[in-house]
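For reference, the chains in residue letters:
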Amino acid sequence: MSDHKKIDDATGVETTGHSWDGIEELNNPLPRWWLWTFYLTIIWGIGYTIAYPAWPMISGATGGVLGWSTRANVAADIEAHEARNADLAIGLVEADLAVMSSSDDLHRYGVARGAAVFRAQCSQCHGSGAAGARGYPNLLDDDWLWGGAMDDIAYSVRHGIRNDTDIDARYSEMPAFDEMLSDGEIEAVVEYVVSLSSAEADSALAATGGEVFAAQCAACHMEDGSGDRGLGAPNLGDAIWLYGGDRAALEETVRYARFGVMPAWGQRLSEADVRAVSVYVHALGGGE
Amino acid sequence: MTDQPASLYAARVPIFPKRVSGTFRRLKWGIMLVTLGIYYLTPWIRWDRGPNLPDQAVLVDIAHSRFYFFWIEIWPHEFYFVAGLLIMAGLGLFLFTSALGRVWCGYTCPQTVWTDLFILVERWIEGDRNARIRLHNAAWDLRKARLRLFKWAVWLLIAMATGGAWVFYFTDAPTLARDLLTASADPIAYTTIAILTATTFVFGGFMREQVCIYMCPWPRIQAAMMDPDTITVAYRDWRGEPRGKHRKSAQSDQLGDCIDCNACVAVCPMGIDIRDGQQMECITCALCIDACDDIMAKVGKPRGLIDYLALSDEPAERAGQPPRPVWQHIYRLRTIAYTALWGAIGVGMLYALFIRSDIDLTVAPLRNPTFVVQSDGSVRNIYDVRLRNKLGEARVFRLSLGAETDLDIAVEGSPAQDIEIDADSTRLQRIYITAEPGAPAASQDVTELRLWVEDLASGARASRATTFNGRVQP
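Residues numbered from 1 in each chain as written. Chains lettered and ligands numbered in written order. Predicted model: local features only at pLDDT ≥ 70, side-chain atom pairs only at ≥ 80, totals over all residues. Heavy atoms only, no water.

Caption draft 1: Highlighting the sheet that holds strand β10 (residues 395-401) of chain B. Residue and element names in this part refer to chain B. Taken in spatial order, the four strands line up as β12-β10-β14-β15 in an open sheet, and their pairing is antiparallel. Each edge of the open sheet carries a strand with a single partner, namely β12 (418-421) and β15 (461-469). Averaged over all pairs of adjacent strands, the angle between their axes in this sheet comes to 30°, without regard to strand direction. Judged from the five bridges that link them, β10 and strand β14 (residues 446-455) form a sheet pairing that is antiparallel. Opposite leucine 401, over in β14, you have leucine 451 as the bridge partner. (Pairing = 2+ DSSP bridges. Helix = DSSP H or I, 4+ residues; strand = E, 2+ residues; numbered from the N terminus. Axes fitted to C-alpha atoms, helices over the stretch in contact; angles between N-to-C directions.)

Here's what the structure looks like:
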């Protein structure tokens, strides 16, 4: 071969002998170890596809002889995580929630776990930020239909509200006054309810409505409209309205009533999850 | 096209650098001692930070996401300090390269330093250049095997020490050293040591100049940093040529100072001839200067036939004039700009370091929902406050609002506004800020406010600005 060696005059470098339009290609040889490195990467690549999941097949991919799987890893991670928190989960089930201090580790665990449960199970109605929606209570404020103490919240979560799956569910039913009251009486009682929280009400009409209220509504909503948590009857004198506080919304409520339902989560979630989500909701800012 | 070149791939041509002594060799020994000393010993320096924090002066604590450097403690959210240091290192490299060529490559690059150390071992065991060439060409016999194995064993020990020192930067060094010796350390430590041992052994013992020429990107980049004023290692061909053996003959008068003794080539760890001019392979280690100066002294010529010089001086030197002073080459727009940039970033980082507080907070207003109406008509905003206690002991923090506001603050789960935070840790705390029904903030779209945190023990304070959203009535 050396007989055919061609040397480029300008650079003193050997040429490959290839020439295009008189321009010759120089041969600056690649280090041989780099070629070996290249072969090594190929061998490594073949070994890798044997060891790890790699080749796509008709249903799935080759498993790899090491049996490595991201899905199994995640399952193992979750299992390890649950094992690590097993004591906390048991503690949460055994704890007296009412006396739990917020600096307690158990409380922190409950809030964190409850937040995860809430996002998965509760946010569909109450919103991811727990601010609720029309007909779905805002859990951030200090107004509670059925009570805002830890035990009250836990009961509502466990048994639900007005469902027909749990015999212990919270239950009450507001009558629809459409047939029972005249249009005038409905207009008057709406005006009276408006007057409970607003100065901008027709006082004469409201006075008439007050008589209707005392006769028809005070049994549940109390004489002063402050409501009754035992019956889930809302306080009508505060600034918070579940279905709207304007006259049209109130008239609709009076005529056709409301019947908000919540599932019994005690039938669907573990006791630890029920308690965790109760701790979480209690810690949202309105807990009593 | 039947003509084929010899091969498209070339085996490494072995290089046997000859021993050399002189100014630059001594400088390199000194730098090797200092840099290797820093590398091997730094993890063993202790620094008392109190009972709750590690007492290792330099520690990259990945498990607890802290970086300790003597009195400085860097938290993950302060990683910009590390980014700043890397930028400064880059600019420093640019500065030195534009002023003095590849001094980094020639003196301080780990590849150069460890290769130098490996060559030292090689020379100690196998002898100097000629003995090593003979050994290389000799057939394998008992003596060659003995020398080779001994050399490789010493290399391997150095390589293991190198990989071993690295892991000490990431966990408590004395503990890890004990664990390593009792075979009870984490597998990650052994794996790291094994990988670094292998790379040190291969790169320092066998790859050597191949790493610089074929693997390192810096030789390619440096050309952009250098210009004719850069001081670099070069051969004064106007003085040396025509080269030739000096003999007592009439022709000797016509010859230059170069006696073509090849001393500069024999000592070169990159295996090049500096007399061919500037080359990508040259790491400017200056050993050829030492070698040539030695020869020039022997033949009675002035030193500096190969020397640090600026290429822009060539015309003047050819004309027999003295070169411009070194400082005129070094102080030029480019180096001044690099220095200014480097200094500006350094000053900025020092400033950031000094205004750092041991307590700190960040405030994230909850935006889902933006506000909550309470039953009495007051408006509440919710905030997640991240409180940081960078001190080595637990502290009680008190949260408060500026005096100018009529808003009320409440801390979730705590009747008082006091929060205890463990030593060297953070806590995410939810707080509520409430505007009474009549207050302006309750009905304003946005109200600016400032949240203060105070360390009750030291009185140190920190604050963050945030906003309050009111309920705008249509």
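Structure's up, so let's keep going.
Caption draft 2: Quick look at the sheet that holds strand β3 (residues 66-69) of chain B. Residues and elements named next belong to chain B. Reading across from one edge, β2-β3-β4 is the order of the three strands in this open sheet, with antiparallel pairing throughout. Taken across any chain shown, the strands that pair with only one partner, and hence form the sheet edges, are β2 (58-61) and β4 (72-74). When strand polarity is set aside, the average angle formed by the axes of neighbouring strands in this sheet is 10°. Of the pairings in the sheet, the one linking β2 to β3 comprises four bridges and is antiparallel in character. Following the sheet pairing, leucine 59 is matched in β3 by tyrosine 68.

Caption draft 3: Main features of the interface of chain B and chain A. Contact residues are listed per partner, giving 30 residues for chain B and 34 residues for chain A. Note on chain B versus chain A: buried area summed over both sides is about 2,800 Å², and carbon and sulfur give 54% of it. For the interface between chain B and chain A, the tally reads 12 residue pairs in polar contact (both at pLDDT 80 or more). If you list the elements that add at least two residues to the side of chain B that touches chain A, you get β1 (9-10), α9 (209-215), β8 (372-373), β9 (379-389) and β13 (425-435) of chain B. Where strand β3 (residues 30-31) of chain A meets β1 of chain B, two bridges bridge the pair, whose relative direction is parallel. Residue pairing in the sheet places leucine 30 of chain A in a bridge with tyrosine 9 of chain B of β1 of chain B. (Contact = heavy atoms within 4.5 Å. Buried area = accessible area lost by both parts, 1.4 Å probe. Polar contact = N/O pair within 3.5 Å; in protein donor to acceptor, adjacent residues only side chain to side chain.)

Caption draft 4: Quick peek at the packing of aromatic side chains. Applying the stated criterion across every chain yields a total of 28 aromatic pairs over all chains. Look at tryptophan 36 of chain A and tyrosine 39 of chain A: their rings are 5.7 Å apart centre to centre, the planes differ by 75°, and that puts the pair in the edge-to-face class. Here tryptophan 36 of chain A pairs with tyrosine 39 of chain A, and both are found in helix α1 (residues 32-51), just three residues apart, close to one helical turn. The exposure class of tryptophan 36 of chain A is exposed, given its relative accessible area of 53%. Between tyrosine 80 of chain B and phenylalanine 81 of chain B, the aromatic rings sit 4.9 Å apart at their centres with planes inclined by 40°, giving tilted as the arrangement. Accessibility expressed as a relative area gives 47% for tyrosine 80 of chain B, which makes it partly exposed. On the accessibility criterion, phenylalanine 81 of chain B (6% relative accessible area) is buried. These aromatic residues form a ring-pair network of at least three members: Phe118, Trp152, Trp155, Phe201 and Phe206 of chain B. Over the aromatic face of phenylalanine 259 of chain A sits the side chain of arginine 162 of chain A, whose NZ or CZ is 5.7 Å from the ring centroid. (Phe/Tyr/Trp six-rings, centres within 6.5 Å; stacked < 30°, edge-to-face > 60°. Buried < 20%, exposed > 50% of the residue type's maximum accessible area, 1.4 Å probe, protein only. Lys NZ or Arg CZ within 6 Å of the ring centre and 35° of its normal.)

Caption draft 5: Representation of the UniProt feature "transmembrane region" (unreviewed entry) in chain B. The UniProt feature table records "transmembrane region" (unreviewed entry) at residues 27-45, 79-96, 149-168, 188-207 and 336-354 of chain B. Between the end C-alpha atoms of residues 79-96 of chain B the distance is 26 Å, and the span holds 94% helix and 0% strand. (UniProt positions renumbered as here; feature names shortened; annotations may be inferred.)

Caption draft 6: Summary view of empty space enclosed by the protein. All names here are of chain B. Counted by the stated rule, this structure contains four cavities of 30 Å³ or more. The volume enclosed by the largest cavity comes to roughly 210 Å³. Thr112, Thr115, Asp116, Ile119 and Pro269 are the residues nearest the centre of the largest cavity, which is lined by 22 residues in total. Those elements that place two or more of their residues in the lining of the largest cavity are α1 (23-41), α4 (110-126) and α9. (1 Å grid on protein atoms, 1.4 Å probe; cavity = no way out; pocket = protein on both sides within 12 Å on 5 of 7 lines; lining within 4 Å. Points joined across faces, edges and corners; volume = space filled by probe spheres on them.)

Caption draft 7: Summary view of the UniProt feature "binding site: heme c 2" (unreviewed entry) in chain A. All names here are of chain A. What UniProt calls "binding site: heme c 2" (unreviewed entry) maps, in this numbering, to Met174, Cys217, Cys220 and His221. Sequence-wise these annotated residues cover 48 residues; spatially they are packed, their C-alpha atoms never more than 10.4 Å apart. We classify cysteine 220 as partly exposed; its relative accessible area is 36%. In contact with cysteine 220, not counting residues within four places along its chain, are Gly227, Asp228, Leu231 and Ala233. Mapped onto the elements of the fold, histidine 221 is located in helix α8 (residues 218-221).

Caption draft 8: Looking closely at the domain arrangement of chain A. Residue and element names in this part refer to chain A. On domain assignment, one finds that chain A holds domain 1 (86-173 + 265-288) and domain 2 (174-258). Taken together, the contact pairs 17 residues of domain 1 with 16 residues of domain 2. Taking both partners together, domain 1 and domain 2 bury about 1,200 Å²; carbon and sulfur atoms supply 48% of that area. Counting the surface domain 1 buries against domain 2, the share from its top three residues, Arg134, Asp143 and Leu145, is 42%. Counting every contact that joins domain 1 to domain 2 gives five residue pairs in polar contact (both at pLDDT 80 or more). Looking at the side of domain 1 that touches domain 2 residue by residue, the class counts come to six nonpolar, four polar and seven charged. (Domains from an automatic or database assignment. Nonpolar A, V, L, I, M, F, W, Y, C, P; charged D, E, K, R; others polar.)

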